[in-house]
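One letter stands for each residue in the lines below.
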Amino acid sequence: MRILSWRLILALTIGLSLVSLASSWYEIRAQRDALRRDLDSKAEVVGESLAGSAQLYLATGDRAGLEKSVDSSGNSEHLVGVGIYGRDDSALVITPGLNASLPVLTQLLKNAMQDNRNISVFTDLRFRRVHVLAAPLHATDKTVIGGILVVHDSGYIGSEIFRIWGRVFVRMAIQVIVIVGITLLIIRWSLTGPIARVAVWIRALRTGQDAVRPVATDLDVLYSLAGEVGPLAESMQRARAAAETEAGLRNANESQWTAERLADYVRNRLGKSSLFVVSNREPYIHSRRDNIVTVTVPASGLVTAIGPILCACNGTWIAHGSGDADAEMVDAHDRLKVPPEEPRYTLRRVWLSREQEEGYYYGFANEGLWPLCHIAHTRPIFRASDWEHYYAVNRKFADALIEEIAGEENPVVLIQDYHFALLPRMLKDRLPNARVAIFWHIPWPTPEAFEICPWQRELLDGLLGADLIGFHVRAHCNNFLYTVDRILESRVDWEHFSVKRKDHLTSVQPFPISVELPCDIPEARSNLTAQEERSALFAELGIEATFLGIGVDRVDYTKGILERFQAVECFLERYPSYQGKFTFIQIGAPSRTRIKRYADFQLEVEAEASRINARFKHGRWRPIVFLNRQHNRHELEHYYRAAHVCMVTSLHDGMNLVAKEYIAARQDERGVLILSRFTGAARELHDAIIVNPYDISATGESIAQALKMDSEEMVERMRHMRRSVKEHNIYWWAASLIGALCDVRLEQKGDANSAAPDYVSGVR
Ligand code: GDG
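The shown structure was predicted, so the numbers you read here are calculated from the model rather than taken from an experiment.

Counting its regular elements, the chain contains 23 helices and 23 strands. Taken against the 2.2 N^0.38 rule, which gives 27 Å for 764 residues, the C-alpha radius of gyration of the chain at 48 Å runs more than 25% over that of a compact globule. Taken along the three principal axes of its C-alpha coordinates, the chain extends 155 × 70 × 55 Å. Look at the contacts in the chain between residues 6 or more apart in sequence, and 71% of them connect residues 24 or more apart. Working note: accessible area of the chain is about 35,200 Å², and carbon and sulfur atoms make up 53% of it.

What follows is the structure, given as structure tokens:
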């Protein structure tokens, strides 16, 4: 930096001096010419005023008049002297200051008389710089009768020019000092300062100390660079955390799944095969706000788990392009590289018309299959037109997949969820060499419940095109196998949990989905205690309370939100000492509001919260706070860490990630989870307080149990649950699923004894 400063000072000094000198030189020349012209005309005036009296003298002999005007010309500034000469160069009158015998002057006078013209020159006279005007004198008939010399001292012009140059140099020096100074200050503020701050920050990151990213104003021109350093630093921190975790686990003789381990595992398992993921929701959504395109990542465990795998093996994710700026971001084949900050895999967007989205997504999937698969007493609606759209959209995704897969020898395809029940068959019929799995994120109902679907056979047949079907828990697998057994012509193998139909074997296995533990994410760590987090939240919401319960859900009728509110009411009724002290905050992200049942349900939730609040509220205390908006992940973490108790009271739920997120957030090993027995999570989290959400009074009692639980028991329960979630995290889930899919043997035709793979074999 010091060399840069010196170079800059030198370059600026030379540059500014040259510019200043060049412009001053022109100015000074003009000044000098003006002074000279000035002197010239002064000499002319003197010459002309003398010429009249000289000519009169020569004509009439008026010497007194001549001498008088010679004397008065002596007042002219800088005048050295004047001389009046006759036709024969004889001096008639000469002032004392003028040495008229100097040959230069006589020669000039001669020339002027000879040529009959004025001669005006600057010359040196005895080491003195002078201006000489030599002019002829005329008789009335215009003949030359004599001459006149007017000599001025022009040395003052040189002195004046010298003074001006002096001023120029002083001005130039001041200019150079000011400009160089300002430039150095700007460099210090905008370059060396920020560089020094970034260097301190990077050093702290490199050495693993607590590193605080400098704020934007401190970074100035390096702000965009910091935008790149930030993710780099995060990757470094993650890598360091992963390495530390790995080392810790090696010591503890455990093996925890991390994003890095998953990526490495999947790379090895896939070998030369490419991975294709299909889901309705895309991992990156481009939207236009105020004419600026922004990208958002939907808060979903799927992106967390599948992202690193696709990055590791340069795979392809095919999804519905739902953002209003999505079409602007893709190439001619509807593809783009993601993640945006470090492109590693391909996102292929599939476009759906408004009618298709209505029929396939809102209609068949969410008004038909969703209530069909959840026992929540909302009647499924099956419309033939929705089914047609569902079929057409599945076909559209199949076409897109075939296009993407073209040329791949043994592709591996992972399909997500109930939006694509027909896709496995459509794909397998056209690409028998593909390994195809579908993961069903919601429960599978009993055969009797499923039988009400008019397209039950088509759905089952579509699903059985897959080599592997995954559910969260064994009970859903069993329901599925019973359903197939009852509805389709096939052979169900209860020993290996598989179905053989038309010579094709489908393995049906449980893969309980999970979450990422925030201790793996450095920025998720909090320095606040639960008590401090709580106080901050209450202050933010403008309420007064001591105990905090929370619920986090999409506003969906399967989540048991009304029953939860009623349980809170029942608890406050039975334990009035908690009135004024216990507040339940429900975070309710609006969901599928274009469907009437969801819009109605939203109103029901609001009304129930208002009813209970009206009954109990006093002062700044409220029993229920319903926050009916989408929150970001960071905000959710905040609520999880602050709550004494988290209530998950779904009437029916495939897994329920909120239960696991609450546990993952509780690094302090505190807090109590109240969990519905009808969630998949209840099969793993035995240390939660397990409730039947339909039993309002028992659920209310569980709140009292949670708040009164002694701290030792609370910590022990939470520690057990954290160990379970840590061991079976989202990376473990993805590794299990892909491992099982890679284990599938494709040459199963006619091989009646081929055993279905057990998902746990590869990834323990
Ligand atoms: C289906 C199955 C299965 C909620 N509000 C906000 C928000 N959330 C996040 C939660 C959680 C996710 O949404 C909800 O996941 P769940 O598992 O609880 O429920 P579903 O959405 O119904 O998911 C379910 C799951 O698929 C996975 O297989 O477990 O059984 O029904 O992650 O945190 N996230 C953000 N703002 C909110 O306001 N960012």
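If you look at the biggest cluster of nonpolar residues, it comprises 94 residues, and the most contacted ones within it are Trp440, Leu459, Phe480 and Phe582. The greatest single-element share of this core, amounting to nine residues, is contributed by helix α10 (residues 354-373). Taken domain by domain, this core gets at least three of its residues from each of domain 3 (262-349 + 406-510) and domain 4 (527-727). Formed by 78 residues, the second largest nonpolar core is a distinct cluster that contains Leu270, Leu414, Phe439 and Leu468.

For strand β9 (residues 316-320), a buried count of five out of five residues is recorded, marking the element as mostly surrounded by other parts of the structure. Where β9 meets strand β11 (residues 345-350), five bridges bridge the pair, whose relative direction is parallel. Of the residues in β11, the one forming a bridge with Ala319 is Arg349.

Our next topic: the pairing of strand β18 (residues 547-554). Within β18, six of the eight residues are buried, which leaves it mostly tucked inside the rest of the structure. In the sheet, β18 pairs with strand β19 (residues 582-589) via eight bridges, with the strands oriented parallel. The partner of Asp553 across the bridge, within β19, is Gly588. The parallel pair β18 and β19, bridged by helix α17 (residues 561-574), forms a crossover whose chirality is right-handed.

Take the packing of aromatic side chains next. Evaluation of the coordinates by the stated rule reveals 33 aromatic pairs. Centroid distance Trp444 to Phe480: 4.9 Å. Interplanar angle 85 degrees. Geometry classified as edge-to-face. With Trp444 in the loop between β13 (435-439) and α13 (447-450) and Phe480 in helix α15 (residues 474-487), this pair connects stretches of sequence that are 36 residues apart. Taking the relative accessible area as the measure of exposure, Trp444 reaches 1% and is therefore buried. Aromatic ring contacts, followed pair by pair, group Tyr360, Tyr361, Tyr362, Phe364, Phe382, Trp387, Tyr390, Phe397, Phe420 and Trp455 into a single cluster. It is Arg36 that lies over the ring of Phe122; its NZ or CZ is 4.6 Å from the centre. In this arrangement the basic side chain of Arg261 is found over the ring face of Trp257, its NZ or CZ atom lying 3.8 Å from the centre.

Here Ser17 lies in helix α1 (residues 2-60). For Ser17, a relative accessible area of 17% corresponds to the buried category. Excluding residues that lie within four positions of it along the chain, Ser17 makes contacts with Met172 and Val176.

Going from Val338 to Pro339, the amide bond is cis rather than trans, its omega being -5 degrees. Position of Pro339 relative to the elements: it lies in the loop between β10 (335-338) and β11. Within the chain, Phe497 stands out as a residue other than glycine whose phi angle is a positive 55 degrees. Tracing the sequence through the fold places Phe497 in the loop between β15 (491-493) and β16 (498-501). The exposure class assigned to Phe497 is buried, which follows from its relative accessible area of 18%. For Lys502, which is not a glycine, the phi torsion comes out positive at approximately 50 degrees. Mapped onto the fold, Lys502 is located in the loop between β16 and β17 (504-510).

The next subject is the environment of Leu58. Residue placement: Leu58 occurs in helix α1. Leu58 gets classed as partly exposed once you look at its relative accessible area, which sits at 30%. Counting along the chain gives 624 residues from Leu58 to Ala682, while the straight-line C-alpha distance between them is 137 Å. Excluding its chain neighbours within four sequence positions, the residues that come into contact with Leu58 are Leu92, Leu137 and Ile145.

Moving on: the domain arrangement of the chain. Along its sequence, the chain is organised into domain 1 (2-153), domain 2 (160-251), domain 3 (262-349 + 406-510) and domain 4 (527-727). Domain 2 and domain 3 are separated by 47 Å when their C-alpha centres are compared.

Moving on to helix α18 (residues 596-616). Along an α-helix, residues three or four positions apart point the same way, because every turn accommodates 3.6 residues. For α18, which comprises 21 residues, the first-to-last C-alpha distance of 31 Å matches the rise-based estimate of 30 Å (1.5 Å per residue) to within 8%. Listed in full, the buried residues belonging to α18 are Tyr598, Phe601, Gln602, Val605, Glu608, Ala609, Ile612, Asn613 and Phe616. Along α18, the residues classed as buried sweep out an arc of 130 degrees about the axis, all on the same side. Facing away from the buried surface of α18 by more than 90 degrees, the exposed residues are Lys596, Leu603 and Ala614. If you follow the buried residues of α18, they end up packed against α10, α17 and β20 (624-627).

All right, on to the site of the ligand then. Every one of the 22 residues lining the ligand counts as a neighbour, but His441, His631, Asp653, Leu657 and Glu661 are closest to it. Here an oxygen atom of the ligand sits 2.5 Å away from a polar atom, N or O, in the side chain of His441. One of the backbone nitrogen or oxygen atoms of Leu657 is found 2.8 Å away from an oxygen atom of the ligand. Across the complex, the protein chains shield 90% of the 720 Å² of accessible surface that the ligand would expose by itself. Secondary-structure elements contributing two or more residues to the shell around the ligand are β18, α19 (633-642) and α20 (657-665). Taken together, the residues that form the shell around the ligand break down as 10 nonpolar, six polar and six charged. Both domains that meet at the shell around the ligand, namely domain 3 (262-349 + 406-510) and domain 4 (527-727), each give it at least three residues.

Contact geometry of α17 with helix α21 (residues 696-708) gives a least axis separation of 7 Å together with a crossing angle of 65 degrees. Here α17 and α21 pass one another in a crossing that is right-handed. Along the contact surface, α17 presents Glu563, Gln566, Ala567, Val568, Cys570, Phe571 and Arg574, while α21 presents Ile696, Ser697, Thr699, Gly700, Glu701, Ile703, Ala704 and Leu707. In the contact of α17 with α21, the residues fall into eight nonpolar, four polar and three charged.

Here we take up the packing of α10 against helix α11 (residues 384-405). Two elements in contact, α10 and α11, have axes whose closest approach is 8 Å; the angle formed by their N-to-C orientations is 110 degrees. When the axis of α10 is compared with that of α11, the two are roughly perpendicular. Here α10 runs over α11; the crossing is left-handed. Contact residues: α10 offers Glu355, Gln356, Gly359, Tyr360, Gly363, Phe364 and Leu369, while α11 offers Asp386, Trp387, His389, Tyr390, Val393 and Lys396. Of the residues assigned to the contact of α10 with α11, the class counts are six nonpolar, four polar and three charged.

Here we take up the pattern of salt bridges. Here the structure, examined in full by the defined rule, presents 45 salt bridges. Among the salt bridges present, the one from Glu328 reaches Arg288, with a minimum N-O distance of 2.5 Å. One end of the pair, Glu328, is in helix α9 (residues 326-329); the other, Arg288, is in strand β7 (residues 285-289), and 40 residues separate them in sequence. The partly exposed category is assigned to Glu328, whose relative accessible area is 46%. Connected through salt bridges with shared partners, the residues Glu569, Glu573, Glu608, Arg611 and Arg615 form a single ionic network.

Calculation criteria
- Residues numbered from 1 in each chain as written.
- Predicted model: local features only at pLDDT ≥ 70, side-chain atom pairs only at ≥ 80, totals over all residues.
- Heavy atoms only, no water.
- Helix = DSSP H or I, 4+ residues; strand = E, 2+ residues; numbered from the N terminus.
- Rg over C-alpha atoms; globule rule 2.2 N^0.38 Å.
- Contact = heavy atoms within 4.5 Å.
- Areas by Shrake-Rupley, 256 points an atom, 1.4 Å probe, with all protein chains shown as cover.
- Core = buried A, V, L, I, M, F, W, Y, C linked by side-chain atoms within 4.5 Å.
- Buried < 20%, exposed > 50% of the residue type's maximum accessible area, 1.4 Å probe, protein only.
- Domains from an automatic or database assignment.
- Pairing = 2+ DSSP bridges.
- Right-handed = clockwise from strand over helix to strand, strands pointing away.
- Phe/Tyr/Trp six-rings, centres within 6.5 Å; stacked < 30°, edge-to-face > 60°.
- Lys NZ or Arg CZ within 6 Å of the ring centre and 35° of its normal.
- Expected span 1.5 Å × (residues − 1).
- Arc of directions from axis to C-beta.
- Near = heavy atom within 4 Å.
- Polar contact = N/O pair within 3.5 Å; in protein donor to acceptor, adjacent residues only side chain to side chain.
- Nonpolar A, V, L, I, M, F, W, Y, C, P; charged D, E, K, R; others polar.
- Axes fitted to C-alpha atoms, helices over the stretch in contact; angles between N-to-C directions.
- Left-handed = near helix turned anticlockwise from the far one by under 90°.
- Parallel < 35°, antiparallel > 145°, perpendicular 65-115°, else oblique.
- Salt bridge = Lys/Arg side-chain N within 4 Å of Asp/Glu carboxyl O.

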